[in-house]
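This is what each chain is made of:
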Amino acid sequence: QKEVEQNSGPLSVPEGAIASLNCTYSDRGSQSFFWYRQYSGKSPELIMFIYSNGDKEDGRFTAQLNKASQYVSLLIRDSQPSDSATYLCAVTGNRDDKIIFGKGTRLHILP
Amino acid sequence: SAVISQKPSRDICQRGTSLTIQCQVDSQVTMMFWYRQQPGQSLTLIATANQGSEATYESGFVIDKFPISRPNLTFSTLTVSNMSPEDSSIYLCSVEGHWNTEAFFGQGTRLTVV
């Protein structure tokens, strides 16, 4: 069974520091990787996606993918209190495959 | 990304009753997805709804319990039938994105069964 694993947290990070969120996945054939942010009581919001090994940067966010290690991470630079949320890692294989979500990591940015 | 409107946003229902959740998209999409997110848990796919065909259900979910309609390319409904407290959850409608891989979500329906 395909699985996506995340540390549930909470992960507490001081404001202005770098928050590092990690995710591992079991299906070596996975091809697309996503990070969603979910505020309490709200629906998930896509913030990053990555398909190729290496780093992908978008503003304060950097996604990192290592397919050999089956590992994907999200770095948030200059963390802000508004970044406090649950971050869901999601993985899919081919285009018609369903998306598998991790349970999410709760991030708390300390003012 | 598509704008997805889902309603109701929340409801409290008596056990044994049914609730129909509606999902409206501002553009035509081939596939629509229904997820459940139980407290403290991740998102679990219930079924995939394609226009003009029967929905495809994931393991553990059946049509009698979660009937789905997809009358056109912009609308779908999910019914939670014969509800029990175990059905208390957030139900989310989702559509695929431009690259047909990522998912975008409606606002969700928070269902409480008493």
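See the structure above.
As the structure is a prediction and not an experimental result, all values here were calculated from the model.

Reading the values: the criteria
- Residues numbered from 1 in each chain as written.
- Chains lettered and ligands numbered in written order.
- Predicted model: local features only at pLDDT ≥ 70, side-chain atom pairs only at ≥ 80, totals over all residues.
- Heavy atoms only, no water.
- Pairing = 2+ DSSP bridges.
- Helix = DSSP H or I, 4+ residues; strand = E, 2+ residues; numbered from the N terminus.
- Axes fitted to C-alpha atoms, helices over the stretch in contact; angles between N-to-C directions.
- Core = buried A, V, L, I, M, F, W, Y, C linked by side-chain atoms within 4.5 Å.
- Buried < 20%, exposed > 50% of the residue type's maximum accessible area, 1.4 Å probe, protein only.
- Contact = heavy atoms within 4.5 Å.
- Disulfide = S-S within 2.5 Å.
- Phe/Tyr/Trp six-rings, centres within 6.5 Å; stacked < 30°, edge-to-face > 60°.
- Lys NZ or Arg CZ within 6 Å of the ring centre and 35° of its normal.

Here we look at the sheet that holds strand β3 (residues 19-25) of chain B
All names here are of chain B.
Right, on to step 1. Reading across from one edge, β1-β3-β8-β7 is the order of the four strands in this open sheet, with antiparallel pairing throughout. The sheet is open, and its two borders are formed by β1 (4-7) and β7 (68-72), each paired with just one other strand. Each adjacent strand pair in this sheet contributes to an overall mean axis angle of 15°, direction not counted.
Right, on to step 2. Judged from the four bridges that link them, β1 and β3 form a sheet pairing that is antiparallel.

Here we look at the sheet that holds strand β3 (residues 19-25) of chain A
All names here are of chain A.
Right, on to step 1. If you walk across this open sheet you meet the five strands as β1-β3-β8-β7-β6, and the pairing is antiparallel. Strand pairing shows two members of the sheet lacking a second neighbour, β1 (4-5) and β6 (54-58), which therefore form its edges.
Right, on to step 2. Where β3 meets strand β8 (residues 71-76), six bridges bridge the pair, whose relative direction is antiparallel. Each bridged residue has a counterpart across the sheet, and for N22 the counterpart in β8 is S73.

Topic: the nonpolar core
Right, on to step 1. Counting 43 residues, the largest nonpolar core has A:Y36, A:F101 and B:Y35 as its most contacted members.
Right, on to step 2. Residue contacts for A:F101: discarding those within four places in its chain leaves A:V4, A:Y36, A:L88, A:C89, A:A90, B:Y35, B:S42, B:L43 and B:F105.
Right, on to step 3. One finds A:A19, A:A85, A:Y87 and A:L107 within the second-largest nonpolar core, a separate group that totals 24 residues.

Some details on the state of the cysteines
In protein structure, a disulfide is the covalent linkage between the sulfur atoms of two cysteines.
Right, on to step 1. According to the stated counting rule, one finds two disulfides over all chains in the structure shown.
Right, on to step 2. In this model, A:C23 is linked to A:C89 through a disulfide, with the two sulfur atoms separated by 2.1 Å. Handedness here is read from the sign of the S-S torsion; for A:C23 and A:C89, about -75°, the answer is left-handed. Residue A:C23 is located in strand β3, and its partner A:C89 is located in strand β9 (residues 85-92); the two are separated by 66 residues in the primary sequence.
Right, on to step 3. You can call A:C23 buried: its relative accessible area is 1%.
Right, on to step 4. A residue is classified by how much of its surface remains accessible, and A:C89, at 0% relative accessible area, is buried.
Right, on to step 5. Between the sulfur of B:C23 and that of B:C93 lies a disulfide, 1.8 Å long from S to S. Handedness of the B:C23-B:C93 disulfide follows from its S-S torsion of about -65°: it is left-handed. One end of the pair, B:C23, is in strand β3; the other, B:C93, is in strand β9 (residues 89-96), and 70 residues separate them in sequence. Each member of the pair B:C23 and B:C93 is classed as buried.

A closer look at the packing of aromatic side chains
Right, on to step 1. Scanning all chains against the criterion turns up ten aromatic pairs over all chains.
Right, on to step 2. The interplanar angle of 50° and the centroid separation of 4.8 Å between the aromatic rings of A:Y25 and A:F33 together place this pair among those described as tilted. One exposure class covers both A:Y25 and A:F33, and it is buried.
Right, on to step 3. Each member of the aromatic cluster is reached from another via a ring pair, and the members are A:F34, A:Y36, A:F101, B:Y35 and B:F105.
Right, on to step 4. Between A:K56 and the ring centre of A:F49, over which it is positioned, the NZ or CZ distance is 3.5 Å.

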